Amino acid sequence: MIEFLDALLASPPDADCLLALLEQARSPMCYVEEELARRYQNKPLTLDEEGSAALRRVLLVWKKMSQAYALCARLVEPDARNPHYAELVATILHRCIYYSGMLILEHFRARRELPEGAWRNLHAFYSTAEKWGVALVLVDDVLEHGSQGTHCTAAYVTLLLLDLASPYRCSFREMNLIRHWAAMWASLVLIEADQSDLPACPYVVELASDYSLHRAKSPGSQGGDTRRLNTLRLTQQIKHVLHQLRDRVSPSELGLGEETSSHVIQLLSRLVRPWAQTESPRKFRRFAAKGLARVATGFEAMHFFVTGQAFIQPDAAGVYSRRELEQMFAFRERIEAAKDMPNLPLSHFQTDDWAAIDQSANGFRLMRGNAGNKVMHSQLVLISPHDGEHFLLAQIAWLMEKPDASLIVGVATLPGLPSGIGVRVAADRPADAKRFVRAFLLPAMPAIQEDSSIVMPLGVYQPSRVLDVTDGERTWQVKMHHIVQRGTDFDRISYLPV
């Protein structure tokens, strides 16, 4: 397919033939690239060589598709007698915007920093559509699942809305939903020239810049290339949809995807403020920071650093299955030898050093080079801050990989100093008891209205079931209540004493 595009770019046929060939290639190209993208989407960072190579290949294809349609636009000759000329030009420019947008979207999905010129190219194609008077001419798009037509403005607005939703902060599932909703509702958004007689708008887009929608400068300082988004109808639509969802209308009936109502309500409620372009004040002030923070990942390493010792099952008997007992008997010589080995040194588990960029009362922004453990969005980590000695549990709120494979992450700390515990779902009979798994107990913090909670690996939580808890010296039971916080690899749950 890359060779096919290279051949078209090197020796293009006439505009009609070139457009027909590119249109025929769109569906198979989309299918192949989506399959390739599985190698880097929703993967831990930094990407391995296979994932990076797949990303480079997909980006190359989208870039060449954008170049091929741009070439087609240059080859089309104006024809005032052709009643379909406006639709033809609008279709070509729509594809230019679409594939320039795919370059941006692919960086979002790979959590990779955008290259220089990405937004400038997108702005330039939309500006051309405006100049040629075809920005709102309806065109067909086989890659869009909706029955209604689309246009250049809708394709352009889709990317602006996606960027407003803070894509590096979204999970992979959320990003796909937001993209679908942005494309579905983009036609409700109007792009207007920034005029002094219009009400003040906090955000604008400058078509000659390499930035997305950004905070407006002082009134009157913008040039003629400044545009703003009128999202009033979009905001009304979201509020109407939220009202329907709360009235028990399913998301699938509203075309919002096969999702649970609670998840859709939560995500839409989060999108109302940015898509209404309403400023959202920070809960806590952010301060510049300097120094190195130590970060550990994985429950084994985190538990070790919190407790300072290896985790030992409190009741060694009766916690092994028949298969495990048979393996222990078959390899008993190795087990006997292992008994004589000294305890694992502290250096068995290692932390990564991250440079602190800034901090607030509930989190940090950190940066490190390409060496270190891989991390994922929403993952649980253990952090020893640059200005403290204690370890704190934190969740990765957002992350981005730079072109040199260095990482920038934002982490949100969990309340309270953790203590290491072991947990297991209580069994009806002692013979059915499973082994304890590592977990953490967070104390109650009445000052910030936080009750005591337990942080455990994903998959342990079972609502209303009784949980055996041990701190190595004693064992007690609690009843699991509800999930307070969920991440890629953990659940933080509330509990009731038994």
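None of these values were measured; they are calculated from a predicted model.

Trainee: If you had to explain the overall build of the protein to someone new, which residues and values would you point to?
Mentor: Of regular secondary structure, the protein possesses 12 helices and 17 strands. Considering the protein as a whole, with its 498 residues, one finds that 45% of them fall into the buried category. Carbon and sulfur atoms form 52% of the exposed surface of the protein, whose accessible area is close to 26300 Å².

Trainee: Let's hear about a nonpolar patch on the surface: which residues, and what values?
Mentor: Nonpolar side chains collect at one region of the surface, where M1, Y31 and V32 lie side by side and expose about 300 Å² of accessible area between them. Looking at the element boundaries, M1 is found in the segment before α1 (2-10).

Trainee: Before we move on, could you go through unusual backbone geometry and cite the residues and values that matter?
Mentor: Put simply, L45 and T46 share a cis peptide bond, and its omega is 10 degrees. Mapped onto the elements of the fold, T46 is located in the loop between α2 (15-37) and α3 (49-75). A positive phi angle, close to 55 degrees, is found at Q277, a residue other than glycine. Among the structural elements, Q277 can be located in the loop between α9 (261-275) and β5 (287-288). The phi angle at S378 is positive, at roughly 70 degrees, despite the residue not being glycine. Turning to its location among the elements, S378 is positioned in the loop between β8 (363-368) and β9 (380-384).

Trainee: Explain the nonpolar core to me, using residue names and the numbers behind them.
Mentor: Of all hydrophobic cores here, the largest spans 110 residues; its most connected members are Y156, W181, W185, L268, W275, L366 and V411. Among all residues touching W181, those that are not within four sequence positions of it are L256, V264, L267, L268, L271 and W275. Listed in part, the 16 residues of the second largest apolar core include A296, F304, L380 and F440.

Trainee: Give a detailed account of the sheet that holds strand β12 (residues 419-425), specifying residues and quantitative values.
Mentor: Strand order in the closed barrel formed by 6 strands is β12-β13-β14-β17-β16-β15, and the pairing between neighbours is antiparallel. For this sheet, the mean angle separating the axes of adjacent strands, direction not counted, is 45 degrees. Of the strand pairs in this sheet, β12 and strand β13 (residues 437-442) are connected by 5 bridges, and their pairing is antiparallel. Counted as the bridge partner of G422 is R438 from β13.

Trainee: With reference to specific residues and values, describe the packing of α3 against helix α4 (residues 85-109).
Mentor: Remark: α3 packs on α4, axes separated minimally by 8 Å, with the N-to-C direction vectors making an angle of 160 degrees. Judged by the inter-axis angle, α3 sits roughly antiparallel to α4. Here the hand of the crossing between α3 and α4 comes out left-handed. For the pair α3 and α4, the contacting residues are L55, V58, L59, W62, K63, M65, S66, Y69, A70, C72 and A73 in the first and I92, R95, C96, Y99, S100, M102, L103, E106 and H107 in the second.

Trainee: Give a detailed account of the packing of aromatic side chains, specifying residues and quantitative values.
Mentor: Counted by the stated rule, this structure contains 10 aromatic pairs. Each member of the aromatic cluster is reached from another via a ring pair, and the members are W62, Y69, Y98 and Y99. It is R474 that lies over the ring of W476; its NZ or CZ is 4.2 Å from the centre.

Trainee: Give me the lowdown on the pairing of strand β4 (residues 226-230), citing residues and values where you can.
Mentor: β4 sits mainly inside the fold: 4 of its 5 residues count as buried. Inspection of the sheet shows strand β1 (residues 190-193) paired to β4 by 4 bridges, in the antiparallel sense. Across the sheet, residue I191 finds its bridge partner in β4, namely L229. Here strand β2 (residues 203-206) runs beside β4; their pairing, made up of 2 bridges, is antiparallel. Residue pairing in the sheet places E206 in a bridge with T226 of β4.

Trainee: Lay out the sheet that holds β2 in plain terms, naming residues and giving numbers.
Mentor: Across the sheet, 4 strands lie side by side as β1-β4-β2-β3; this open sheet has antiparallel pairing. Taken across any chain shown, the strands that pair with only one partner, and hence form the sheet edges, are β1 and β3 (214-215).

Trainee: Report on the side chain of T235, specifying residues and quantitative values.
Mentor: Among the secondary structure elements, T235 is positioned in helix α8 (residues 232-246). T235 has contacts with W275 and A276, leaving out every residue within four places of it along the chain.

Trainee: Go over the pattern of salt bridges with me, naming the residues and quoting the values.
Mentor: Scanning the model with the defined rule gives 21 salt bridges in all. A salt bridge links R365 to D358, with the nearest nitrogen and oxygen atoms 2.7 Å apart. Taking relative accessible area as the criterion, R365 reaches 26% and is therefore assigned partly exposed. Since its relative accessible area comes to 7%, D358 is described here as buried. Salt bridges sharing common partners tie together E34, E106 and R109.

Trainee: Break down the environment of L105 for me, citing the residues and quoting the values.
Mentor: Following the sequence through the fold, L105 ends up in helix α4. Separated by 62 residues in sequence, L105 and P167 have C-alpha atoms that sit 9.1 Å apart.

Trainee: Summarise the packing of α1 against α2; cite the residues concerned and give the values.
Mentor: Closest axis-to-axis distance for the α1/α2 pair is 12 Å, and the angle between their directions is 165 degrees. Accordingly, the angle class assigned to the pair α1 and α2 is roughly antiparallel. Pair α1 / α2 crosses with left-handed handedness. Along the contact surface, α1 presents F4, L5 and L8, while α2 presents L18, L21, L22, A25 and M29. Class assignment of the residues belonging to the contact of α1 with α2 gives a composition of 8 nonpolar, no polar and no charged.

Trainee: How would you summarise the environment of L380 if you had to cite specific residues and measurements?
Mentor: Following the sequence through the fold, L380 ends up in strand β9. The class of L380 is buried, set by a relative accessible area of 0%. Residues L380 and M302, spaced 78 residues apart in sequence, show a C-alpha to C-alpha distance of 9.3 Å. Sequence-distant contacts of L380, that is, excluding residues within four places in its chain, are made with F299, M302, L393, A394, L414, V455, D489 and F490.

Criteria and cut-off values
Residues numbered from 1 in each chain as written. Predicted model: local features only at pLDDT ≥ 70, side-chain atom pairs only at ≥ 80, totals over all residues. Heavy atoms only, no water. Helix = DSSP H or I, 4+ residues; strand = E, 2+ residues; numbered from the N terminus. Buried < 20%, exposed > 50% of the residue type's maximum accessible area, 1.4 Å probe, protein only. Areas by Shrake-Rupley, 256 points an atom, 1.4 Å probe, with all protein chains shown as cover. Patch = residues over 30% accessible without salt bridge, like charges linked within 9 Å, V, L, I, M, F, W, Y side chains within 5 Å. Salt bridge = Lys/Arg side-chain N within 4 Å of Asp/Glu carboxyl O. Core = buried A, V, L, I, M, F, W, Y, C linked by side-chain atoms within 4.5 Å. Contact = heavy atoms within 4.5 Å. Pairing = 2+ DSSP bridges. Axes fitted to C-alpha atoms, helices over the stretch in contact; angles between N-to-C directions. Parallel < 35°, antiparallel > 145°, perpendicular 65-115°, else oblique. Left-handed = near helix turned anticlockwise from the far one by under 90°. Phe/Tyr/Trp six-rings, centres within 6.5 Å; stacked < 30°, edge-to-face > 60°. Lys NZ or Arg CZ within 6 Å of the ring centre and 35° of its normal. Nonpolar A, V, L, I, M, F, W, Y, C, P; charged D, E, K, R; others polar.

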